[in-house]
Number of protein chains: 6
Amino acid sequence: MNKLKLQSMLKQFFNEDIGDGDLSSDLLFSPSDQGSFTFYAKEYGIFCGAEIIQIGFTLLDPSLNITLLKQDGEKIEIGDELARIEGSLQNLLSGERVILNLVQRMSGIATNASKAVELIKGTEAKICDTRKTIPGLRMLDKYAVRTGGAFNHRGGLYDCIMLKDNHIALAGSISKALQTAKSKIGHTVKIEVEIETKEQLQEAIAAGADIIMFDNRTPVEISNWLELVPPHIITEASGGITLENLRAYAESGVEYISLGALTHSVKALDISALVQLKGAKVYEHR
Amino acid sequence: MNKLKLQSMLKQFFNEDIGDGDLSSDLLFSPSDQGSFTFYAKEYGIFCGAEIIQIGFTLLDPSLNITLLKQDGEKIEIGDELARIEGSLQNLLSGERVILNLVQRMSGIATNASKAVELIKGTEAKICDTRKTIPGLRMLDKYAVRTGGAFNHRGGLYDCIMLKDNHIALAGSISKALQTAKSKIGHTVKIEVEIETKEQLQEAIAAGADIIMFDNRTPVEISNWLELVPPHIITEASGGITLENLRAYAESGVEYISLGALTHSVKALDISALVQLKGAKVYEHR
Amino acid sequence: MNKLKLQSMLKQFFNEDIGDGDLSSDLLFSPSDQGSFTFYAKEYGIFCGAEIIQIGFTLLDPSLNITLLKQDGEKIEIGDELARIEGSLQNLLSGERVILNLVQRMSGIATNASKAVELIKGTEAKICDTRKTIPGLRMLDKYAVRTGGAFNHRGGLYDCIMLKDNHIALAGSISKALQTAKSKIGHTVKIEVEIETKEQLQEAIAAGADIIMFDNRTPVEISNWLELVPPHIITEASGGITLENLRAYAESGVEYISLGALTHSVKALDISALVQLKGAKVYEHR
Amino acid sequence: MNKLKLQSMLKQFFNEDIGDGDLSSDLLFSPSDQGSFTFYAKEYGIFCGAEIIQIGFTLLDPSLNITLLKQDGEKIEIGDELARIEGSLQNLLSGERVILNLVQRMSGIATNASKAVELIKGTEAKICDTRKTIPGLRMLDKYAVRTGGAFNHRGGLYDCIMLKDNHIALAGSISKALQTAKSKIGHTVKIEVEIETKEQLQEAIAAGADIIMFDNRTPVEISNWLELVPPHIITEASGGITLENLRAYAESGVEYISLGALTHSVKALDISALVQLKGAKVYEHR
Amino acid sequence: MNKLKLQSMLKQFFNEDIGDGDLSSDLLFSPSDQGSFTFYAKEYGIFCGAEIIQIGFTLLDPSLNITLLKQDGEKIEIGDELARIEGSLQNLLSGERVILNLVQRMSGIATNASKAVELIKGTEAKICDTRKTIPGLRMLDKYAVRTGGAFNHRGGLYDCIMLKDNHIALAGSISKALQTAKSKIGHTVKIEVEIETKEQLQEAIAAGADIIMFDNRTPVEISNWLELVPPHIITEASGGITLENLRAYAESGVEYISLGALTHSVKALDISALVQLKGAKVYEHR
Amino acid sequence: MNKLKLQSMLKQFFNEDIGDGDLSSDLLFSPSDQGSFTFYAKEYGIFCGAEIIQIGFTLLDPSLNITLLKQDGEKIEIGDELARIEGSLQNLLSGERVILNLVQRMSGIATNASKAVELIKGTEAKICDTRKTIPGLRMLDKYAVRTGGAFNHRGGLYDCIMLKDNHIALAGSISKALQTAKSKIGHTVKIEVEIETKEQLQEAIAAGADIIMFDNRTPVEISNWLELVPPHIITEASGGITLENLRAYAESGVEYISLGALTHSVKALDISALVQLKGAKVYEHR
C-alpha cells in the first residue's frame, strides 16, 4: 500500500469522527493521563490492519508506544492479543473507534476471502475481487482481499479494459471492439472480454483477447468451453457465484472466480479493545 | 444532508474509480453515443440513494436527463424501476459502478434498519445507530439509517458526551465525572452515562445525566431498573443486542436500542442497471 | 481541540502568508543563522494560544526549541513573557506574523469573555457564544471563549436544533414544529425554541423544548416568565444584550446569556515578539 | 478578487457551519418551501460583500434568484435594503449565517477604512493596511480595505521585501542588507526599509530603498526628515498610530500611513436579514 | 481523460497564477468589457488541448462563448486558427497564460510524438512514452502522446509490474522474481522484465514474462534475439534511443520503442492569442 | 522556497506515480531490504534540486540516511556524485522516478539559465524569466531560474501590474491606464508598461511607469530610445529574443532581458541513480 495515501485517508477519517474535538476525553482527561489499549480477537478469523494501527495512532500522537502482536494474514483465535498501544489516554481514546472500524472491516474481508480460498483448496482456481468496493476505501478493501489469500481484479476503470455487452454492441462485434481497443491501447494494458455464448468465446479468442470472462455461465458450460481456450489466454468466471456453488466453478477448470460479495457485503470481525488506566483495572471496549 | 459535502465526496469517489480515464468507454464510445440506464430492484427492500443518483450523474455530465422513479424510504419490490438516466453513454458507464456501490449499500442499510423497526412494532422503543460506520461515509450511513425509519445516535466525538468506564474510573466516580463535564460543557450538549449496576444507575440519575445507557444488561435487569428513572431522563440499551433478542429489549420499556451492526456489517441490496443503447437491445449490469 | 485539524489549518494559514517564499528572510538569512523569539504582553488580559505557538512553529521547523511560559487561561500583565522559541531565525521570522495574528485574536476573545464573566459574578448565569464566528476559525474562536471562562453554544447547524420564527411559522405552531422535530431527531440532540411572548413560552414548555431562548426580551419580562419554566428546562437570553445591560440580564435568573459580540467584533490583545539574534541586541516586533 | 478561490473558500466555510446537515431546516422544511431574504442595514456604514452574497448563495442553490441592491463601496443608511434573495427557504436559511458573518465583517472593515480616509481628507496622505489580517481571510480583508477607500500594503511575505531591524543587524548594516537584497531579487519587487533614526534614513536613501518606513516616529520627526527624501522614494509611517493622532501624521507630509487595527480589531457592521415565507408575515434575523 | 480530475487540475493551476486577483485586469477593466480571443498557430505541428480551452475558460466564466476550430490530433499550419473565445475580457485575460502554457506544451508533445511516428513509418514498430513526465501533469502528458499517434506505457507504479535489475538481484534470479510476482499479482496486471543478455532473455521467456524489454541493446542484438521470442510475448526496446537511431530500432522487428524525451524534454509549440476588444483593433499575445 | 508548500507538492506528485501501491517493489522486496542510491551526473551542467531530494525521500521514509554531495548552483561534471541515500530499498525505489523527474528538470532549467547568463557576461544586463512556467510547478521553475544565476519576473498576476496593449486600448491611452492603476494600487506594487513606439515610451515615462518593457524591438531601437529613460526607471526587453541575438540585446544597454524559453521549453539534464543492494553489485538507473 501507498503509505502517504494511507496517512491522508486516516487524517480524513479521524477528522470525520473527532470534528472540533473529542468532548468527553478532552473534558475528563488531561494530556498526561496514561493508559494502554490491547486489541484482542473475540472471534476466529484472519487479522488484517497492522498498518492502520501503526500509522493511525502515530498520526494522533507520535509518542505512543505501539507493539504489533500479530501480522496481517495471521490466523487469530478468540482471546488472541493483536496489538498493544501505550501512552496518553486522551489520544488513545480519540482514535479508538476509527481504527477499530477499519480493522474490523479489513479483518472481516480477509476472513471471508480466506474462507472462499479454503473452499476451493485442491483445485487450480483462484478467487478474485471486483470493483464493488466501498467508495473511498478501495485501497484498503483490495489489500484485505490479498491478505486473505485471494487476488485483485483491476484497480479501476484506468488500468484494464473490460469489453462488456454495450461496448461490443456499439462497436458492432467482439472482433471490431477488440480491434479498436488494440489499435489504441498501450501494450501494458490487458483486454478482458465478457462472453455469454460459445460463438462469442470463439470470436474473442480469434480476435486476441487477453482474458475471457464467462458471464453467468454454469460450471458445466465453462468446463465444456474451456477446451477451446489456448493456454496463454486467461479465463474467469463471474456472475451468480456464491459460497455454495463456488467449488463447482473451481472444479470446472476456470482460472479465476470473481466474487463481488467479498467487498460489497462484509461482516465486521469482532475485535475489541481492552483499555487499562495506568495502575487501574481493565475495561473492555467493543 | 449537506449537498456541498456530498458533491465533494462523490468527486473523490469518481476519481478513485476513474483515475486518469475510463479506458474501455473512452476507447469504444464517442461522446455523442447516446443511451439510457434504468436502475431496478432485484430484491425486496427499502430504497435509499436518490440524491446519489441525481448529484452523482450531474457531476459527471450536467446534460444527462435524470428521472427518479422512487423516493428514499419507499418500499421496492423485485423488478421495480428506481431511476432512469439518459444521455451520453460514455458518462453513464463511467459513473455506473460508484453510484451502484453507494445506492446498494445505502439501500441495504435502510432495509435492515427497517427490518429492525418492524421487529419492535407496537412497543415504545426506537432503534438507533452507533459510530460504527464506514470511515469516510458517516453522513451517508447515518442518512440511510434514518431512511429506514431508525434514529441517529451522536454524529461523532464532537456533539455529545459519553461517559464510559474509563472516563469514570479516572474521574473517581460517576458523580465526579458528571460534575466535571457539567462545569465545562455548553448547554446544548447532552451527557450520556454508561452504567452496569443499579448503584451506578442511581448515582448517574442523582448526578444529572441526560441519557442513561444500560451497557450489556438483560431485558429483565433493564425492566426492573427503569422504575428508578425519572421521565425526563432518556434511556438506551446497548451491547449484545441482536435481531433475535431485539424485541425482548424493546418490551423492557427502554426508549432507545442501539445496534452497531446496522452500519458495520451491511449486506448490499441487489440493484441492477439495465443499459440500453439508443435504438438497440437491452443489457443488464449487476 | 482536534490537533490534526489544527495542523491542517495552520498549514493553510502559513501558505497564505508565505506563498512561494519569504523573500526577505530567504535572501538575508542563511538557514543556520540562529536567534530567539520572546512573546510578551503589552496589555493586561487572558492568554490564549499555547497550542498555536507549539504546533505552528513545530510545523515550520521541528528542530525549534519551544518553551511555553504561560498556560491558556492565565492572567497576563504588561511585560509578562508568554513563550520563548529558539532556533533558525529564518523559520522563526517566516512564522511570526501568522502566529501572532492568531494568538492576539484568541487572547482578545478570551479577555473579553473573561470580562463578561466578571461582570456577572455572584449570579447563577453563564455567558455563551453564538455562531457569529469568523468563517474558517470557529474551532479556535470557540476554544478562546471557553478559555475566557464562558461557554459554547452549538458548534453549527449540525449539532442542535434551533426552532426560530420561520421554522415555527411554516410548521404552523410551536407545538407542531416541536412535534415534527421530536419525531425525527435522535435522542442525543437538544431542541431549543425561540420565544417572544408568554403564550409562546407556555406552548414551548408544554411541547417539550429542551432549551427556551428569550429572544429580545427585557430582564424584567424574563424574570417574570421564568416562574413558568420547570427546572429541567434550560433558559437562555439573547438579542440586544451588551456589556452595559449584561448584569441586569444575569440577575433576571436566566441561566445562559449569549453574546454574538464575543466573536464577531474582537479587539486583538496587544502581544509582541522580542527577537534576539544569537549574540546580538534585542528588537521588538509588534 | 479571484472568483475560483472565493468559491473554494465559501465551500469550506459552509461546510464548517453545516457539517453533515442543517438539522433544523432539513427537518422542518421541504425543499419546495419558498421564501425570500432581504438583507438591510441597521447601522450607517459602507457596504462590502456583494460577491459573497452572489457567489455564496449560488453555490448552495443555483436556482436562487439574487438581486443586489447596493454596490460594494456605497454608503448605506439605517434601513437601506442591500440585497434580496428568493427561492428555496431551506437553502436560504442554511447559508444565512456564514454569509452574514462575512458581509458584516467586510462592511465593518470598509466602514472603518472609510472613516480613517475621511479623517485625513485634504492631505496628500493615503491609508494602508498591514499583514495583520485574519488567517484564511486575507483576500477578503484586503478587498474590504480597498472598498473603504484605503490601500493595500504587501499581500504577504512573497511579494515585497521588508528589511526590518533583524535583517539589518544580521547583514551588518542597511547598506549591506539592501545590497544583498538588490543583487538577488527580481526587478518587479520593491524593497522597503524600516528606519528609526536620521542616520538610518540617510543610509537607506543612499543604498537605493524603494520605500522608507518611519517606524514609531512622531509626526514632527517625520516632517523634518522628509526633506531628505528624494521624490521617487515612497514614504510610510507605521507604529503607534491611532485614529486620534492619524491626522497629525497625515499632515507631516508622509505618503502612506499603515494601520494594523483596520483588520486585526474589527467591529462587525450591524446588518440583518428579513425573512419572508411566501405568503406569510415578515421576520427579522440578526 | 477524466474530466472531473481535469477540472480540479485547472482550478489549481489558475489559482497558482491568479493568486488573490489579476491586478492588471481587475483594475483596468470592468466585468462588462467585452472582447474575443483567437488562438492561432505560429508554427507547424499537431494540435492538442481542445478540452483545456473548453473546460478551462468555462471554469473561469461559464458565460464565455467558446468555438473550437481544430480537433486534437489535427495538423496545423502557420496561421491556422485553433479556437475562438468571446465574452468578458477580464476573464479571458486572467485565464490566457495558464491555458496557453498547457496547450503549447501538449501540442509540443503531440508534435514530437508525431515526428517519431513518422520516422518509423512502414515498420511494424510503435512508439511509446515512459514515466518521465512532469510531476502533476502525467494525465495531460500521456494524453498528448496518444494525440500524436504514439502509445502509453504504464500509468504509474500501480498498474504494471516492471522487474528491473534490482528486483531480480534481490529475488536471486529472473525466474524467482517472476515466480514471486506471479504468485501474488492479479491476472489483469502484466509483468515486464528488463533483460540485457541472451541468457536473461531465455530465462524471462521460460518463466512467463508478458513483456520483454531490451535494455540498452543495439538494433542488431535485438534483431538476432527476437527469433527466440514466441509471438504472444510483447517486445520493447528502451535506453539510448534517439531520433537518429530510431528507425534502426524500428527495423529490428521490436514491437514497441519507448522514448523518455517525448515528455521529459519538450519544446513548446508556438501558439499565440489574438485579442480583440469589441469594436477595436486586433492585438497579438504570445 | 516555502517548505510546507514543497511538502504538499511532493505528496501530490508521489501519489500520482504510486497510486494504491508500487506493485513491483511491494511484491519483490520486504521493508527490511536495505540498499543505497547515488545520484550522479551524466552531463555537464548546474545542479538544482537538493531540497527535492532531502524533503522528498524524508516524506517517503523519515529513517532514510540522506547525504547531499553538491549544493544548488554548483557546477557538475560528468560522473560527479550529487547525493547518496541509504535505507529501505522499497522506499528508495518507490520515490526514485518522481525525484529524478524534478531534479532533471530543475537542473536543466538552471543549466540553461546559466548559459544565458554566461552569454551576456561583461554587460550590465540581467536575464529574467516569465510566467511561461509549467502549471503547478511555478515555485520550482522560478527557483531553478534563480539557481542558474538569472532573475525572476513577477510571480503571477497578483504581484505586479503589466499594462499591455489591451489594457491601454481600453483605458484610452498609456497615461490614462497608468493614472487609473496608480489611483487604486498599493505602493508596494510596481507598474510595468509594454511599449512599441518612441511616442509610447515618452508617454509611459511621463505618466510614471516603474518599468518599461520594449516589446519586440530591435537592439538598435532599444539602444537609441534608452537615452530618453531616466535612471530610476527600469528597462526590460522582451519578444523574439533567442540565444543567438541575446548578446546584442544585452549590449543595447537594457537592464533586463526576459526569456520565456527558460521554462517553457526545457531539456532535462541527464542525471542517473546508481542503485546498490547492501552487499551486492551496482546498477545504474536512468
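No experiment lies behind these values; they were computed from the predicted model shown. (Residues numbered from 1 in each chain as written. Chains lettered and ligands numbered in written order. Predicted model: local features only at pLDDT ≥ 70, side-chain atom pairs only at ≥ 80, totals over all residues. Heavy atoms only, no water.)

Focus on the relation of the copies chain B and chain A
For the pair of chain copies, the relating transformation is a rotation about an axis with a translation along it. Operational definition: Copy-to-copy alignment: least squares on C-alpha atoms, limited to residues at pLDDT 70 or above in both. Throughout, a residue-residue contact means that at least one pair of heavy atoms, one from each residue, lies within 4.5 Å.
Structural alignment of chain B on chain A gives an RMSD of 0.0 Å, achieved by rotating through 180° and translating 0.0 Å along the axis. Here the transformation between the copies is reduced to the relation of a two-fold axis. Taking C-alpha positions as the reference, the residue of chain B nearest the rotation axis is V266 of chain B, at 3.0 Å. Taken as a fraction of all interface residues of chain B, those also at the interface in chain A reach 100%, which identifies the copy contact as same-surface.

With respect to the interface of chain B and chain A
Keep this limit in mind: A quick way to say it: buried area is the sum, across both parts, of accessible area lost when two parts are put together, with a 1.4 Å probe. A pairing counts as a salt bridge when a side-chain nitrogen of Lys or Arg comes within 4 Å of a carboxyl oxygen of Asp or Glu. Here a polar contact means two N or O atoms within 3.5 Å. Within protein one must be a hydrogen donor candidate and the other an acceptor candidate, and residues neighboring in sequence count only if both atoms are side-chain atoms. For the purposes of this entry, the term helix denotes a DSSP run of H or I that reaches at least four residues, the term strand denotes a run of E that reaches at least two, and both are numbered from the N terminus.
Across the contact, 68 residues belong to chain B and 68 residues belong to chain A. The junction of chain B with chain A conceals about 5700 Å² of combined surface from both sides, 60% of it contributed by carbon and sulfur atoms. Summed over the shared surface of chain B and chain A, the result is four salt bridges. Note that D17 of chain A is salt-bridged to R131 of chain B, the shortest N-O span being 2.6 Å. Where chain B touches chain A, the interface holds 25 residue pairs in polar contact (both at pLDDT 80 or more). Ranked by residue count, the leading element in the side of chain B that touches chain A is helix α4 (residues 89-119) of chain B, at eight residues.

Let's talk about the sheet that holds strand β11 (residues 256-258) of chain A
Residue and element names in this part refer to chain A. Rules: Whether two strands pair comes down to DSSP finding at least two bridges between them. Fitted lines through C-alpha atoms give the axes, limited to the stretch in contact for helices. The angle between two N-to-C directions lies from 0 to 180 degrees.
An order of β6-β11-β10-β9-β8-β7 is seen for the six strands of this open sheet, with the pairing classed as parallel. Looking at the sheet topology across the chains shown, the edges are occupied by β6 (126-128) and β7 (161-163). Pairwise comparison of adjacent strand axes, ignoring direction, gives a mean angle of 25° for this sheet. Where strand β8 (residues 191-195) and strand β9 (residues 211-215) come together, four bridges link them in parallel fashion. Looking at the pairing, V193 lines up with I212 of β9. Helix α7 (residues 174-184) rests against β7 and β8 of the sheet, and its axis sits at about 165° to β8.

Thoughts on the sheet that holds strand β7 (residues 161-163) of chain F
All names here are of chain F. Pairing within the open sheet is parallel, and its six strands lie in the order β6-β11-β10-β9-β8-β7. At either end of the open sheet lies a strand with only one pairing partner, and these are β6 (126-128) and β7. Between one strand axis and the next, the sheet turns by 25° as a mean value, whatever way the strands run. For β6 and strand β11 (residues 256-258), the ladder comprises three bridges, and the chain directions are parallel. Bridging across to β11, C128 finds its partner in S258. Strands in contact with helix α9 (residues 219-226) are β8 (191-195), β9 (211-215) and β10 (234-238); relative to β9, the strand with the most contacts, it is inclined by about 150°.

Keep in mind these numbers describe shape, not what the thing actually does.
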